[in-house]
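# Structural description and commentary
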Amino acid sequence: RVQQLPKGFVWGAATAAYQTEGSTKVAGKGKTMWDDYLVAQGRFLPDPASDFYNRYEEDIRLSAEHGLNAIRVSIAWTRIFPNGDDAEPLAEGVKHYHELFACCKKYGVEPYVSLHHFDSPAALFNQGDWLNRKTVDAYVRYAEFCFREFREVKNWFTINELISLSHSQYIQGNFPPNHHFDVTSGIQSQHNELVAHARAVNLYKDLDETEHLGGRIGMVNVLTPAYPATDSPADQHAADLYNAFYTDFIMDGAFLGHYSARTLSLINEILRANNATLTVEDSDMEELAKAAPRNDMFGLNYYQSAFIAAYDGESTNSFNGTGDKGTSCFKFKGVGQQVDMPGIPTTDWDWLIYPQGLYDTLKHISATYPNLPVIYITENGLGHKDPEPDANGIVADPERIDFVDQHMEKVLQARAEGVDVQGYFIWSLQDQFSWANGYNKRYGLFYIDFDTQKRYIKQSALWYKELADTMADA
Ligand code: BGP
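Residues numbered from 1 in each chain as written. Predicted model: local features only at pLDDT ≥ 70, side-chain atom pairs only at ≥ 80, totals over all residues. Heavy atoms only, no water.

According to the stated counting rule, one finds 30 salt bridges in the structure shown. In this structure, the salt-bridge partner of Asp284 is Arg133, at a minimum N-O distance of 2.7 Å. Here Asp284 is found in helix H12 (residues 282-291), whereas its partner Arg133 is found in helix H7 (residues 133-149), with 151 residues between them in sequence. A residue is classified by how much of its surface remains accessible, and Asp284, at 2% relative accessible area, is buried. For Arg148, the salt bridge goes to Glu144, with nearest N and O atoms at 2.4 Å. Taken together, the residues Arg148 and Glu144, both in helix H7 and four residues apart, mark about one turn of the helix. Taken together, the shared-partner salt bridges in this structure form one network comprising Asp386, Asp397, Arg400, Asp431, Arg442 and Lys458. (Salt bridge = Lys/Arg side-chain N within 4 Å of Asp/Glu carboxyl O. Helix = DSSP H or I, 4+ residues; strand = E, 2+ residues; numbered from the N terminus. Buried < 20%, exposed > 50% of the residue type's maximum accessible area, 1.4 Å probe, protein only.)

Going through the model one piece at a time under the given rule, you end up with zero disulfides. Unpaired in terms of disulfides, Cys104 finds its nearest cysteine sulfur in Cys103, a separation of 6.1 Å. Here Cys104 falls in the buried class, since its relative accessible area comes to 0%. (Disulfide = S-S within 2.5 Å.)

Most of strand E1 (residues 10-14) is tucked away: five of the five residues are buried. Burial of the side chains of E1 extends over both faces: Val10, Gly12 and Ala14 are buried on one face and Trp11 and Ala13 on the other. Of the pairings in the sheet, the one linking E1 to strand E14 (residues 421-427) comprises five bridges and is parallel in character. Note on E14: the bridge partner recorded for Ala13 is Ile426. (Pairing = 2+ DSSP bridges.)

Take a look at the structure:
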């Protein structure tokens, strides 16, 4: 078990605007790519979510009371620019985030702020989202506005989980626009998001030279390391292909500033097998090369690993978005298929619980990317069908404590071996809705009764505080 946290460790919890705020129709907020989609889907809605738009002070106070010294939040682009590229910002949206950051300051909880967390403005989404360079341009203008306006923010993240977005939108098909194995869009959106990330980093660093913004900037991505299902060369190659598409392409682009010859050769193999193409514009690689050494931090999200076997058939998948264990399947033509591994536990949503993968991936990236800046684990946690609060108002979630404990042990082991990990944010701060799963997949330290919006303390929050206290003593 984890006995103690290092002194000065960032001990936080994560949220995202659209999953927590609710109030999607107030103060002129524009629609995101989710608003109409969720209504049409008819499973669950984004209002009131965790009502964080109105109740943020309560959640930040609870954070401070439970030993957290940091929180991840995101700015909802459409609260500032309702169509994504409006000439003038919405004053009420700007005011809201100033108040949120002031509240963080009041309670001594440092905000780590993402500019984009899966919530593209509908107006831009309808014109192709990241596949359209217009979105990249509008994003950079929005970023510039935020950098100049929210000077109290000292830790910026450009885009949350570039790979999840493109995978979920264009490969797995469980995010709008729900394309399945549209490999051209899947790789192009990764590249275009990387260009947006690099332009935002370069802009921040350039502005910092003249306007002294005085903060840090980086990217958040989720890493899902793939292991070959057996020792066979075919399975080994399948795992290499999977890692190239799901990890190396974005890590190379962000931290090497170019795609390595090995990564490109694997990616090209996948593109050929799927009759897919990638278009790179002249200035893109310059932008990436310039940004790579300028990142101040890397936010690593880790949930699970994958075991991959070679696969010759057509692509097919089924997504477990209900927590009905054993219903997912993923077979990607020209890459490989995911297989179950006996002895490795899974969640009800079929996510492999494999803390060793976090250690392996930390060691791997620190050995592979000489430019890699300081690392924060910006998401890690357990989606679970938690019980209701007991008679004392406490929610029993020993599974979550176990999960975080096992993963933290690996973080600290990698750190002891020289990997520069400076903080950990549990996903998530409070219960919130999960994009493709809804409200029964709970992750929070704090339980929310979504009918009353009352907050309850989970055992994991009490455990989190105990660990935070060891840091003070260290
Ligand atoms: C990450 C996202 C989060 C969050 C989390 C859990 O991909 O950055 O927004 O939702 O995963 O995933 P899920 O909600 O699908 O269980």
